[in-house]
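# Reading the structure
Here is how the chains run, residue by residue.
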Amino acid sequence: MKKKEDDMQVTLFRALRSVNIDDEIAQKAVEAVEEHIEMAVGQAVKPLENKIDTLLIQIAALSTKIDTVGTGTQTAISNISGEMKSVKWVSVGTTGFIALFGAAATLAAKMIL
């Protein structure tokens, strides 16, 4: 892009010189045009910069929400895992109780007969 700007400056300078404008005045005119262009571009880009800043803030907020959901999900999975271990031990205990009760019932039945 700098090449095109340089070409434009040279072209403008030459055009001013071709109509007999003094070198110093032509150079100042080129500099003034360049400053004006930079200012206009800066003003045109400002709303886009604001939108980008807003988007970055929204992305950061979304990232925080995603992290929160991830943490909540990990906690829920950990809780479910703990509950499953409890169910396992209840199941083992129940199975043991049924086996013990079955053995006692069998022993009692043998004693009665």
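The rules we used
Residues numbered from 1 in each chain as written. Predicted model: local features only at pLDDT ≥ 70, side-chain atom pairs only at ≥ 80, totals over all residues. Heavy atoms only, no water. Helix = DSSP H or I, 4+ residues; strand = E, 2+ residues; numbered from the N terminus. Buried < 20%, exposed > 50% of the residue type's maximum accessible area, 1.4 Å probe, protein only. Areas by Shrake-Rupley, 256 points an atom, 1.4 Å probe, with all protein chains shown as cover. Salt bridge = Lys/Arg side-chain N within 4 Å of Asp/Glu carboxyl O.

For the chain, the count of helices and strands is two helices and zero strands. Within the chain, the fraction of its 113 residues that count as buried is 3%. Counting only carbon and sulfur atoms, one obtains 68% of the accessible surface of the chain, whose full area is about 9,700 Å².

What follows deals with the pattern of salt bridges. Counted by the stated rule, this structure contains two salt bridges. Measuring nitrogen to oxygen at the nearest pair gives 2.5 Å for the salt bridge that ties Arg17 to Asp23.

Our next topic: unusual backbone geometry. Within the chain, Asn20 stands out as a residue other than glycine whose phi angle is a positive 65 degrees. Within the element layout of this structure, Asn20 appears in the loop between α1 (2–18) and α2 (23–112).

These figures capture arrangement, not role.
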